[in-house]
Every structure is written in C-alpha cells, then in structure tokens.
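Okay, here's what each chain looks like letter by letter:
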Protein chains: 2
Amino acid sequence: MQAVGIIAEYNPFHNGHAYQIRQAKQQTGADIVVVAMSGNWVQRGEPALLDKWQRAQTAIAGGADLVVELPMASAMQPAHLFAQGGVAILTALRCQWLAFGTEHPGMDYQRLMAHLPTDPTTFKRFDQTYASLFQGYLREQTGITLNTGNDILGFFYALANRLMGRSLQLVPLARKGSNHNDSTIVAGERFASATAIRQAILAGDWAQVVPVVPSTTLATLRQGPLLDWEQLWPQLRYLLMTSAPTDLAKMYQITEGIEYRLKRSAVASATFATFMRTVKTKRYTYTRLQRQAGYLYNQVHPAEMLQRPQYLRVLGYSTGGQRYLHTIKKQVSLPLVSRANRDWQTGVGALDTRAGQLRTLLTGIPQDDGRIPVKPSDSE
Amino acid sequence: MQAVGIIAEYNPFHNGHAYQIRQAKQQTGADIVVVAMSGNWVQRGEPALLDKWQRAQTAIAGGADLVVELPMASAMQPAHLFAQGGVAILTALRCQWLAFGTEHPGMDYQRLMAHLPTDPTTFKRFDQTYASLFQGYLREQTGITLNTGNDILGFFYALANRLMGRSLQLVPLARKGSNHNDSTIVAGERFASATAIRQAILAGDWAQVVPVVPSTTLATLRQGPLLDWEQLWPQLRYLLMTSAPTDLAKMYQITEGIEYRLKRSAVASATFATFMRTVKTKRYTYTRLQRQAGYLYNQVHPAEMLQRPQYLRVLGYSTGGQRYLHTIKKQVSLPLVSRANRDWQTGVGALDTRAGQLRTLLTGIPQDDGRIPVKPSDSE
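These remarks concern the structure in this document. (Residues numbered from 1 in each chain as written. Chains lettered and ligands numbered in written order. Predicted model: local features only at pLDDT ≥ 70, side-chain atom pairs only at ≥ 80, totals over all residues. Heavy atoms only, no water.)

## Concerning the overall build of chain A
Alright, step 1. Counting secondary structure elements, chain A contains 19 helices and seven strands.
Alright, step 2. In terms of overall dimensions, chain A is globule-like: its C-alpha atoms have a radius of gyration of 20 Å, near the 21 Å expected for 380 residues.
Alright, step 3. Within chain A, the fraction of its 380 residues that count as buried is 57%.
Alright, step 4. Residue pairs in contact within chain A that sit at least 24 positions apart in sequence constitute 74% of those at least 6 positions apart. (Helix = DSSP H or I, 4+ residues; strand = E, 2+ residues; numbered from the N terminus. Rg over C-alpha atoms; globule rule 2.2 N^0.38 Å. Buried < 20%, exposed > 50% of the residue type's maximum accessible area, 1.4 Å probe, protein only. Contact = heavy atoms within 4.5 Å.)

## A word on the interface of chain A and chain B
Alright, step 1. Each partner contributes to the interface: chain A provides 22 residues, whereas chain B provides 22 residues.
Alright, step 2. Taken together, both faces of the contact between chain A and chain B bury some 1,900 Å²; the carbon and sulfur share is 61%.
Alright, step 3. By the criterion of area lost to chain B, the three top residues of chain A are Tyr238(A), Met241(A) and Thr242(A), representing 34% of everything that side buries.
Alright, step 4. For the interface between chain A and chain B, the tally reads 10 residue pairs in polar contact (both at pLDDT 80 or more).
Alright, step 5. Top contributing element to the side of chain A that touches chain B by residue count: helix 11 (residues 229-242) of chain A, with seven residues.
Alright, step 6. Among the residues making up the side of chain A that touches chain B, the classes are represented as 11 nonpolar, seven polar and four charged. (Buried area = accessible area lost by both parts, 1.4 Å probe. Polar contact = N/O pair within 3.5 Å; in protein donor to acceptor, adjacent residues only side chain to side chain. Nonpolar A, V, L, I, M, F, W, Y, C, P; charged D, E, K, R; others polar.)

## Here we look at the sheet that holds strand 5 (residues 169-174) of chain B
Residue and element names in this part refer to chain B.
Alright, step 1. The strand order across the open sheet formed by seven strands is 5-4-1-2-3-6-7, and the pairing between neighbours is mixed. Each having just a single partner strand, strand 5 and strand 7 (336-337) make up the two edges of the open sheet.
Alright, step 2. Here three bridges tie strand 3 (residues 66-70) to strand 6 (residues 312-317), and the two strands are oriented antiparallel to one another. In the sheet register, valine 67 faces strand 6, and the bridge partner there is glycine 316.
Alright, step 3. Running over the sheet, helix 1 (residues 15-28) touches strand 1 (3-8), strand 2 (32-38), strand 4 (97-102) and strand 5 and is turned about 130 degrees from strand 5. (Pairing = 2+ DSSP bridges. Axes fitted to C-alpha atoms, helices over the stretch in contact; angles between N-to-C directions.)

## Some points on the pattern of salt bridges
All names here are of chain A.
Alright, step 1. Throughout the structure, instances matching the rule amount to 20 salt bridges over all chains.
Alright, step 2. The partner of glutamate 46 in a salt bridge is arginine 44, with the nearest N and O atoms 3.6 Å apart.
Alright, step 3. When its relative accessible area of 16% is taken as the criterion, glutamate 46 is described as buried.
Alright, step 4. The partly exposed category is assigned to arginine 44, whose relative accessible area is 29%.
Alright, step 5. Here the salt bridges share partners, and the residues they tie into one network are Lys52, Glu69, Arg313 and Asp368. (Salt bridge = Lys/Arg side-chain N within 4 Å of Asp/Glu carboxyl O.)

## Some details on the environment of Pro366(A)
Residue and element names in this part refer to chain A.
Alright, step 1. By the element assignment, proline 366 lies in the segment after helix 19 (350-363).
Alright, step 2. A C-alpha to C-alpha distance of 10.0 Å links proline 366 and tryptophan 53, two positions 313 residues apart in sequence.
Alright, step 3. Those residues in contact with proline 366 that sit more than four places away from it in its chain are Trp53, Thr360 and Arg371.

## Topic: helix 11 of chain A
Residues and elements named next belong to chain A.
Alright, step 1. In a regular helix each residue adds 1.5 Å, so 14 residues correspond to 20 Å; helix 11 covers 19 Å between its end C-alpha atoms and thus fits that length.
Alright, step 2. Taken as a whole, helix 11 carries its principal kink of about 30 degrees at glutamine 235.
Alright, step 3. Buried residues dominate helix 11, accounting for 11 of its 14 residues.
Alright, step 4. If you check which residues of helix 11 are buried, you get Trp229, Leu232, Trp233, Gln235, Leu236, Arg237, Tyr238, Leu239, Leu240, Met241 and Thr242. (Expected span 1.5 Å × (residues − 1). Bend = angle between axes of the 7 residues up to and from the residue.)

## Regarding the sheet that holds strand 3 (residues 66-70) of chain A
Residues and elements named next belong to chain A.
Alright, step 1. Taken together, seven strands build an open sheet; the order of strands is 5-4-1-2-3-6-7 and the sheet is mixed. At either margin of the open sheet sits one strand with a lone partner, and together these are strand 5 (169-174) and strand 7 (336-337).
Alright, step 2. Relative to strand 6 (residues 312-317), helix 2 (residues 52-61) is tilted by about 50 degrees, and along the sheet it contacts strand 2 (32-38), strand 3 and strand 6.
Alright, step 3. Against the sheet, helix 4 (residues 79-92) touches strand 1 (3-8), strand 2, strand 3, strand 4 (97-102) and strand 6, its axis set at about 155 degrees to strand 1.

## A word on unusual backbone geometry
Alright, step 1. In this chain, Gly224(A) is followed by Pro225(A) through a cis amide linkage whose omega measures -5 degrees.
Alright, step 2. Residue position: Pro225(A) is located in the loop between helix 10 (215-223) and helix 11.
Alright, step 3. Backbone torsion omega between Asn11(B) and Pro12(B) reads 0 degrees, so that peptide bond is classified as cis.
Alright, step 4. Positioned with a positive phi, Tyr10(A) is a non-glycine residue whose angle comes to about 50 degrees.
Alright, step 5. Mapped onto the secondary structure, Tyr10(A) falls in the loop between strand 1 and helix 1 (15-28).
Alright, step 6. We classify Tyr10(A) as buried; its relative accessible area is 1%.
Alright, step 7. Residue Glu256(B) is not a glycine yet carries a positive backbone phi of 55 degrees.
Alright, step 8. Within the element layout of this structure, Glu256(B) appears in the loop between helix 12 (245-248) and helix 13 (258-268).
Alright, step 9. Of the residues examined, Glu256(B) reaches a relative accessible area of 53% and is grouped as exposed.

## Structural notes on the relation of the copies chain A and chain B
Alright, step 1. Mapping chain A onto chain B is achieved by rotating through 180 degrees and translating by 0.0 Å along the same axis, at an RMSD of 0.0 Å. In symmetry terms, the pair is related by a two-fold rotation axis. Relative to the rotation axis, the closest C-alpha in chain A is found at Gln235(A), a distance of 3.1 Å.
Alright, step 2. Most of the interface of chain A is mirrored in chain B, where 100% of its interface residues are also at the interface. (Least-squares fit on C-alpha atoms with pLDDT ≥ 70 in both.)

## Side note on the side chain of Arg198(A)
Alright, step 1. With respect to the element layout, Arg198(A) can be found in helix 8 (residues 194-202).
Alright, step 2. Beyond its immediate sequence surroundings of up to four residues, Arg198(A) is in contact with Asn11(A), Pro12(A), Arg44(A), Glu46(A) and Leu49(A).

## So, the pairing of strand 1 of chain B
Residue and element names in this part refer to chain B.
Alright, step 1. Most of strand 1 is tucked away: six of the six residues are buried.
Alright, step 2. Residues of strand 1 alternate between two faces, with Ala3, Gly5 and Ile7 on one and Val4, Ile6 and Ala8 on the opposite face, all of them buried.
Alright, step 3. Here strand 1 pairs with strand 2 via six bridges, running parallel. Bridge assignment links alanine 3 to a residue of strand 2, and that residue is isoleucine 32.
Alright, step 4. For the handedness criterion, the β-α-β arrangement of strand 1, helix 1 and strand 2 is classed as right-handed.
Alright, step 5. Looking at chain direction, strand 1 and strand 4 are connected through two bridges and run parallel. Its bridge partner lying in strand 4, valine 4 is registered against tryptophan 97. (Right-handed = clockwise from strand over helix to strand, strands pointing away.)

## Regarding helix 2 (residues 52-61) of chain B
An α-helical segment advances 3.6 residues per turn. Residues three or four places apart therefore align on the same side.
All names here are of chain B.
Alright, step 1. When you tally the buried positions in helix 2, you get nine out of 10 residues, the bulk of the element.
Alright, step 2. Within the sequence span of helix 2, burial applies to Lys52, Trp53, Gln54, Arg55, Ala56, Gln57, Thr58, Ala59 and Ile60.
Alright, step 3. On its buried face, helix 2 sits against helix 1, strand 2, strand 3, helix 10 (215-223) and strand 6.
Alright, step 4. Near the N-terminus of helix 2, the side chain that reaches the backbone nitrogen of tryptophan 53, with its oxygen 2.9 Å away, is that of aspartate 51.

## Considerations on the packing of aromatic side chains
Alright, step 1. All chains considered together, the criterion is met by 30 aromatic pairs over all chains.
Alright, step 2. On the basis of an interplanar angle of 85 degrees and a centroid distance of 5.2 Å, the ring pair of Tyr311(A) and Trp344(A) is categorised as edge-to-face. Note that Tyr311(A) is positioned in the loop between helix 16 (302-305) and strand 6 and Trp344(A) in helix 18 (residues 342-346), a separation of 33 residues in sequence. Taken as a pair, Tyr311(A) and Trp344(A) share a single burial class, namely buried.
Alright, step 3. With a centroid separation of 5.6 Å and an interplanar angle of 45 degrees, the aromatic rings of Trp41(B) and Tyr297(B) are classed as tilted. Residue Trp41(B) is found in the loop between strand 2 and helix 2, and its partner Tyr297(B) is found in helix 15 (residues 286-297); the two are separated by 256 residues along the sequence. Of the two residues, Trp41(B) and Tyr297(B), both sit in the buried class.
Alright, step 4. Through a chain of ring-to-ring contacts, three or more aromatic side chains come together here, namely Trp41(A), Trp229(A), Trp233(A), Phe272(A), Phe275(A), Tyr297(A) and Tyr238(B).
Alright, step 5. The lysine or arginine in question, Arg313(A), covers the ring of Trp344(A), its NZ or CZ lying 5.0 Å from the ring centre. (Phe/Tyr/Trp six-rings, centres within 6.5 Å; stacked < 30°, edge-to-face > 60°. Lys NZ or Arg CZ within 6 Å of the ring centre and 35° of its normal.)

In structure tokens, the structure reads:
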C-alpha cells in the first residue's frame, strides 16, 4: 500500500479539503491518504474551533484514511517549524508523497532554496516583520515573490523535506476556489477559505456555511462546543495580571520586554480583541502576538517547544487507514500512541495533554484520558 | 486626642464588633477608635465576602473612626505575623491602647511569654500541626491552655507589642456571645460569630443574618457583590493545571513537594471544596492549605510576604477620625496613602493592588484606582 501525506489544520474541514484529498489520490495513485493535523491549537495561535477528535472525525468522513496529531510543539509555530514537524510525521509514517495546495503549482522551489540567506542578521530590522523581511530577501535574490501563506508553506515543506533527506515526493496541487486568507464566502460557490468559514460560524451565519462544508462538518459544528479566544481570555487575563514579569519572560518567545506590555494591556482589556489591538505594534505580526498569547495561556516553557515530533498520536482512521497502520507499524521510526498512558501524558506528551486538559475545563469533553482513535462508524 | 486601636477583619462587621468598639472606648476613655483591618484577603486565606471599601464603610457606620488596611503581606498570615502587622500599623498611627476580644480576659500573658520555645526543632513533628505543637508546648511549660483562636491571637498581640517596645497598652475585652468559630446562630440572640454569619449568608438564609448584624451591614451584604472561593476556583484551577511544578514551588510557602499534590488535585476537582478535601492531610491545617491556595491564586513570591507594613493605606474615616489623622499626620512613622498613585501601585503597594485588580475582574468594582477613603455620608 502506498500513502500520500497531507499537512493540515482542518479548522474546520471544508469542501476544498475534501477536493484536495481526492486530487492527491488521483494525481499520485496512492491507496491511502495520511494527514498530519494540528491538535487543539492551530498555527495562527488560536484554539481550534472544534477539538482534535471532532476534526479527525470530519476528515475521515471527508476521505482521509489516517489522521495523526501534529504535536503543539510543531503546530503552534512559524511556517518553517510547522512544516518541519509535518514532514517529520509523514516521513515517520512511511508516506511516499506530500501533497499540498498552492496558488502557484509551478513554483521553482529549487531556485528559492539555492538562495537561502546565510547571515542571520539579515532579519534584524525593527520596522518590519520576520516574514516580510524573509520574502523581501528571496525576491531580491531570485525575482520570485512568495505572496500567499500557501506559497510560503509550500516553500518550507520543500525545505523541510530536503533537510530530512528528500524522503517525500512533493505534489503541489492547484487550490480550488478562494485564497487561504480570503475572508468572504461567495454566494453560489462550493468553496471558501477556512478563515471565511470560521468568521461566518462565529457570527452565527449558518446559511453561508452550509454550501461550503460537507454535511458531517456542518453537523459537528452545529453540535459544538466551539471554542475561540474570547472564551479563553478571562483565564489568560487572570494569568497575565497575577504573573510577575520575570516569570512571564521565562515562557517561550516572551522576549524583548514584551511581558510588561502584555501585563499592562491585560489590566485594561475586557476582551481578547481589545487586548490584541492594544499590544499590536509594527514590530510583530498579529499571528506572532497571538502565538505568544497561546504560549502564555498554556504556560509553555522553551524546552517544551524545542523538540521535534517524538510520537505518532493516532486520532482516527478508516478501515483502509487501520490496515495501512498495521502494515507499517513495525517500520515506523517513532512510537505509535493510540491510547495515552501515564508515561506519555507526564513525559513527551505532557504539553499536548495539558492543552487538552485546559480545553476540557471549558468544554467538558475529555481529550486524552481514555480516548481512542475515531472510526468512520463513530459518526453514524 | 487619644486613640484605642483594634485589629480586625470585619468579614462581615456584626453586632459583636459594634459592641467591642463601644466597650473599647468606655474602658479606655479614648476619643477615637482606630482599626487595622484586613483588605481583600483575610487571615484564613479566603477572599473577604465584601471588599475592603464596603467593609470600611460598615465599620465607620458601626462606630469606628479610622480604618486603615492591614496589608495582605501581614493579613493573610499565621497568627503571629498577622498580630505583628496589626500592632505595627496601630503603633505607627499613634494609638495608646490595643483592645481585643478574648474568652479569657484574665490570661497571664507575661507568664506565657516567659516560656517561649527557643529551640526551633520543637516544632518539627510530622503528625501534628504547628499550632497544636505550639499550644502543647506552652501548656507543658506554664499549665496555661490557649484553647481558642482569640486566646492565641491575644497572646501574639502581647508578644508583638513586646517586640515593638510595648508602645500599646493591652486592653483584653470579654467577648459577647458566641465563640469566634461557633458555626451556628442562636435564635433570639443578637450576637453570633462571623463564621456562622458567613455560612448563613452563603446559604442565602437572610432571616438568620438580620438579628445579628447592623442595618448598614445587612444592606451592604444584600447589595453585594459577595465573593467566595468557589468563584475564584476556575482561575486557580487553570493556574495549577498550566503551571510547571517548579514554577509553583517558587511561590510563597509552597514547599515539601506539595505542588505536585496541588496540581494532581486541581485536575480532578470541579469545586474548591472538593479540591480542599482532596489535598487535606494531617500534616497541614485546613487554614494553612487555604492560605497556600491564596498565595498561589495571587502568585505571591516570598519577597512580597516577608515585609512588615510599609504604608498606612487609609480606607475610611468619621469626622473625628479625619481630625485625628490631621493631628497625627506629622508624627506617623509610615507614609499615609489616601490616594493610590502609580509609585505605590507598582512599588510597595503592588501586592495589594494586584489582589484588588483580581477582585475587580470578578466584581467590576475598582479597588485602588481612583478610590478615596469612605466617609459616614457615603452610605446615606
């Protein structure tokens, strides 16, 4: 059996994702689609709307065969680390291909990689963000513009794959419909961006959501519970108000005195939206600040984020996916975790476990204790 | 003008407190009653039911002339440190007497003080609490039994006063009605313990409360907002679940590995009552554990609790109290703080400010920003 891998968040799983799964199988001839999916926190530094089990379920219903968690240490990270984590998981799971959506399937990754900056001070300017400096540099060097988030991710997938010995064959797929960050749903269209869909959901505009997501996603979303930053804000606000600045500064990525700014803003901000507006400066992107908020919310220490994937936490599988897992289980290079035990929960899985327990505090739904991988029949 | 001092919590202010104020004036002939009162956290490690301004208001209405905050670094402490803080405040405010309620006004404090333990290892047994070891030691040495909380407090007032050069004259007053810790309100009685009154209030049994508190207290209680540990538990639970044990162990009084026990219990406990039942062992009293919970809730570092009172935070005064303050203000040995400014809030007053901000998070009522001392007319 041959598997094509996808790195995804499915926040939430929509028609574009289902289309991508079909395309990935068609173009590669793979028997199995393996997904490395963010867990309860996504790359942008937000709690996922639905939890990892609900999202795995919608992915299996939408054609995925095996869903494995991209640990938070990789998932809630800038694009290059997110990509490294995903590629590591898919490589460990013996995938042959890595399929990914892009607006520019013909992008010349080799040329970009031949012009990587070697001088780290390239990115030490105070009036621009890291991402825009990076893109500017590559454009200067190669004439290629990495305009969209997907282009940037695609580039980092290629780079991560090279770093890991090119075990995966890259399969860029032309994206269907909207750009990843388009914030509107076009009437009459079956495809929309996850960003636009989340906004419609949080606004309670279900009529907009119906045409652009599979029925399983719709049913799961309507059942909930759905989580967003505003629900977490009272806890983070309390934490910021009580913590000494020196204690905040010990957390991952809390540097350059931003802890004082965060503390001051917390006292004054009744909502997360206000908080983010108050702390935003030109220096940091919204996404970076939101990830910092996520690191603080989970009280993440640097050592917890500096690890590459160390386990394969299985969230769900189809019959085919289960068979595939059985076939490869003697060859996987990382331990498979289908049931969380105490060693995992207090050891390498401590951060994902903690994030899960915090989600349970708000939703009442257990995340790792006693949970087993979801199967297609579970949603019937 | 001569002032008699009282150290109190007024949680809430009841008829016994009003009686004590009258008694203190009568027995001493003082013109003015000065009260050093716990702020938003009380000695037992609980948030006060009403905030410090509301409680100062009820005290002024009940006959107190000047109410000054006993800083949290002194208030939320075992009896000997609580007593030291109170005596320091009243001494700084030029009081001549210290009046306090006791079940045994004839207690021989001199004899007790002559037999203090000098060997610190006296209190290193693992099957008994510090308090009971201390009482046992004094009983062995002197034949005197310190049975009640008030006896113990009275003894520590005497001790603190001796340490500070005996500037206050002790005035033990026979208590009216129930023992401090009696948990019932006797029908037909005008006096009950604060403990019993709190329980009736939290049970919503107002008919029991009416006869035993002044009308101002009753009105203030009915208006609220009232705070108890259960309302704070979601925040503390979140903090315990996210914090690394090594970070918890940096907080005041978190020693001997109790941080692991607290973390484990937090995950499993939906209520503060369950949490306390789960962590309780013979080793620690309920009160000590509750104070530890309070230190953690406020993320209190050791350095913040090891300071003697450094300011006189004025919460309220009567016309007489205001005149007295005017008379003594050139002679007070600590700075008077009638309006909190930024220096105080970020400096010596940082802990009280933080505790106030956290209370505001839950009640919406500002505690230090822009607040000025309450006066009798404020309640009309």
